[in-house]
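A closer look at the structure
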Amino acid sequence: MSETQVVSNHELEKHVDEKVAIQGWVHGIRGSNARQFLSLRNSGKIIQVLAEKEILGEELFQTVKHLRQETSVSVTGKLVRNEKSPIGFELILESIEVVGESENYPITPKEHGIDFLISQRHLWLRSSKQLAILRVRDNLSFAIRKYFHERNFLLIDTPILTGSVGESAGTLFSTEYFDLGNAYLAQTGQLYLETAIFAHNKVFCFGPTFRAEKSKTRRHLTEFWMVEAEVAFTGHKENLKLQEDFVKTIIKETVQNSLEDLKVLDRDPTPLLAYLEREFPVIDYTKALEILQSKGEDIVWGDDINSEREQMLTTEYGGPVFIQKYPREAKAFYMKVNPEDPKTVLNADLIAPDGVGEIIGGSEREENYENIVHRLKEENLPVESYDWYLDLRKYGSVPHSGFGLGSERMIAWICGLQHVRECIPFPRMMERLYP
Ligand code: 4AD
């Protein structure tokens with residue numbers, strides 16, 4: 001007799017009306033003295049398993065009835081279609097083997113506070129909404145990589161340990177590095193991406209970045225995943241076009257591949273998709289300030305635009321909006337000074353509505369050697385540690401531009417979540433390093 005084939009919840013379609021085995025975890029259980037419905041989780045999907053006393057006999061039926069949440073089991077039975085089961089199939093149970101017991105699983109179907117759930121993150125990953133969010137994350141990552149590969153961008157894996165400040169000296173994690181002094185955890189892959197455009201023209205990186213920001217907000221993590229792109233022979237305006245196309249394409253693709261998951265999250269994607277039907281407006285920082293002042297905001301030229309004010313601007317424009325040409329002093333040393341107004345730089349932030357805020361920061365880069373040395377000195381950065389970066393301005397310098405998008409903020413937007421902490425498997429925040 002041949003062994004029963006072990007199948008995953010991804011491949012049920014091929015095995016309808018066959019006897020199969022499924023290995024998984026008890027997600028939930030309910031029923032009566034005659035029949036029990038077991039929700040069995042395998043590969044992040046839940047299949048309904050029907051256990052009938054008449055088929056199983058008293059002993060096996062009692063085993064099923066007393067199964068506890070998150071016990072791991074191996075079940076065999078006939079696979080049939082059933083529209084009432086969450087994934088459209090049901091297994092009519094014939095036998096069951098307990099693989100690992102689970103006693104007093106801490107996350108029960110009742111409501112738990114967020115602090116408790118975050119501290120149980122290693123277990124919380126198994127819950128339905130969390131299964132859905134991390135699948136959306138996977139779909140987004142895939143859409144991002146696909147976007148760039150289809151357009152001949154080359155993936156460059158930039159280092160995480162670096163010797164120079166990438167964004168701002170104020171938010172660095174540093175560590176001792178043998179006899180060489182301090183190393184920093186990368187705040188951005190950008191400076192290294194810039195080196196690679198001279199070899200490959202269009203490049204991207206996608207990896208973890210670190211900010212020792214003392215911000216306990218809904219949208220700040222100390223470790224987050226940023227996707228960054230950099231393109232040679234490209235100016236500020238083209239850079240904005242690329243960002244707009246990128247954002248629209250990856251959102252559509254991710255939504256398309258996540259419809260079931262968005263349902264689990266009670267997220268109707270219609271309003272999100274509607275934002276993508278129009279061109280994203282581009283307004284100058286100065287104009288943004290005028291709008292805010294006209295609404296009674298006490299804000300002066302040079303001030304940062306905080307998240308409440310970003311929200312006022314996306315409300316004003318009814319959707320995502322680029323804010324460009326910020327004051328030079330407020331921005332990183334590598335941004336190209338605006339030749340028409342040297343108080344400002346050729347940068348833009350893309351602000352998302354629905355309370356999400358800034359999702360992209362990008363700019364044209366300063367390509368002139370003297371200008372960038374001047375900017376490094378203005379920012380009190382040690383020019384010597386940028387020798388390699390300055391070489392790019394000596395050997396065949398070209399106009400170039402790029403941007404970075406924070407993937408957790410994007411996931412929060414797509415999923416309709418108010419906080420980025422659920423958008424990454426293990427969130428790192430000021431007050432959290434566990435688990
Ligand atoms: O605006 P930022 O700091 O830009 C850069 O790092 C540039 N080097 C990118 C580039 O031009 N290649 O960050 C880019 C994006 C932000 O718009 C935001 O979405 C996300 O990264 N981000 C964060 N996400 C979560 N937690 C934080 N602490 C974040 N800081 C930035």
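Residues numbered from 1 in each chain as written. Predicted model: local features only at pLDDT ≥ 70, side-chain atom pairs only at ≥ 80, totals over all residues. Heavy atoms only, no water.

1. Here's the deal with a nonpolar patch on the surface
Together, Leu161, Tyr177, Phe178 and Leu180 give the surface a local cluster of nonpolar side chains, amounting to about 480 Å² of exposed area. Here Phe178 lies in the loop between β9 (174-176) and β10 (182-185). (Patch = residues over 30% accessible without salt bridge, like charges linked within 9 Å, V, L, I, M, F, W, Y side chains within 5 Å. Areas by Shrake-Rupley, 256 points an atom, 1.4 Å probe, with all protein chains shown as cover. Salt bridge = Lys/Arg side-chain N within 4 Å of Asp/Glu carboxyl O. Helix = DSSP H or I, 4+ residues; strand = E, 2+ residues; numbered from the N terminus.)

2. Topic: the packing of helix α5 (residues 128-150) against helix α14 (residues 407-415)
Helices that pack against each other are described as a pair by the angle of their axes relative to one another and the distance between those axes. Contact geometry for α5 and α14: axes closest at 10 Å, N-to-C directions at 120°. Put simply, α5 runs oblique to α14. Relative to α14, α5 is oriented so that their crossing is right-handed. On α14, the residues touching Ile133, Val136, Arg137 and Leu140 of α5 are Ser407, Glu408, Met410, Ile411, Ile414 and Cys415. When the residues that make up the contact of α5 with α14 are grouped by side-chain class, the tally is seven nonpolar, one polar and two charged. (Axes fitted to C-alpha atoms, helices over the stretch in contact; angles between N-to-C directions. Parallel < 35°, antiparallel > 145°, perpendicular 65-115°, else oblique. Left-handed = near helix turned anticlockwise from the far one by under 90°. Contact = heavy atoms within 4.5 Å. Nonpolar A, V, L, I, M, F, W, Y, C, P; charged D, E, K, R; others polar.)

3. Structural notes on the environment of Tyr334
Tracing the backbone through its elements, the reader meets Tyr334 in the loop between β14 (321-324) and β15 (347-352). Residue classification places Tyr334 among the buried residues on the basis of a relative accessible area of 4%. Setting aside anything within four residues of it in sequence, one finds Tyr334 in contact with Gly166, Glu167, Gln190, Leu191, Ser363, Glu364, Arg365, Glu366, Ile372 and Tyr389. A polar atom in the side chain of Tyr334 sits 2.5 Å from the side chain of Glu167. (Buried < 20%, exposed > 50% of the residue type's maximum accessible area, 1.4 Å probe, protein only. Polar contact = N/O pair within 3.5 Å; in protein donor to acceptor, adjacent residues only side chain to side chain.)

4. Details of the layout of surface pockets
The volume enclosed by the largest pocket comes to roughly 1200 Å³. Counting only elements with at least two residues in the lining of the largest pocket, the list comes to β12 (223-232), α11 (307-317), β16 (357-364), β17 (400-406) and α14. Take the lining of the largest pocket: its biggest share by element is five residues, from β16. Residue composition of the lining of the largest pocket, grouped by class: 17 nonpolar, 14 polar and 15 charged. Here the second largest pocket is characterised by a volume of approximately 590 Å³. Along its surface, the second largest pocket is lined by 26 residues, and Leu117, Trp124, Ser127, Lys129 and Gln130 are the ones closest to its centre. (1 Å grid on protein atoms, 1.4 Å probe; cavity = no way out; pocket = protein on both sides within 12 Å on 5 of 7 lines; lining within 4 Å. Points joined across faces, edges and corners; volume = space filled by probe spheres on them.)

5. With respect to the side chain of Asn239
Along the chain, Asn239 falls in helix α7 (residues 236-257). Polar side-chain contacts of Asn239 include one of 3.5 Å to the backbone oxygen of Ser363. Leave out the neighbours within four places in its chain, and Asn239 touches Thr234, Gly362, Ser363, Glu364, Ser401, Gly402 and Phe403.

6. Focus: the sheet that holds strand β8 (residues 161-162)
Taken together, three strands build an open sheet; the order of strands is β8-β10-β9 and the sheet is antiparallel. Among the strands making up the open sheet, the edge pair consists of β8 and β9. Relative to β10, β8 runs antiparallel, the two sharing two bridges. Each bridged residue has a counterpart across the sheet, and for Leu161 the counterpart in β10 is Leu185. (Pairing = 2+ DSSP bridges.)

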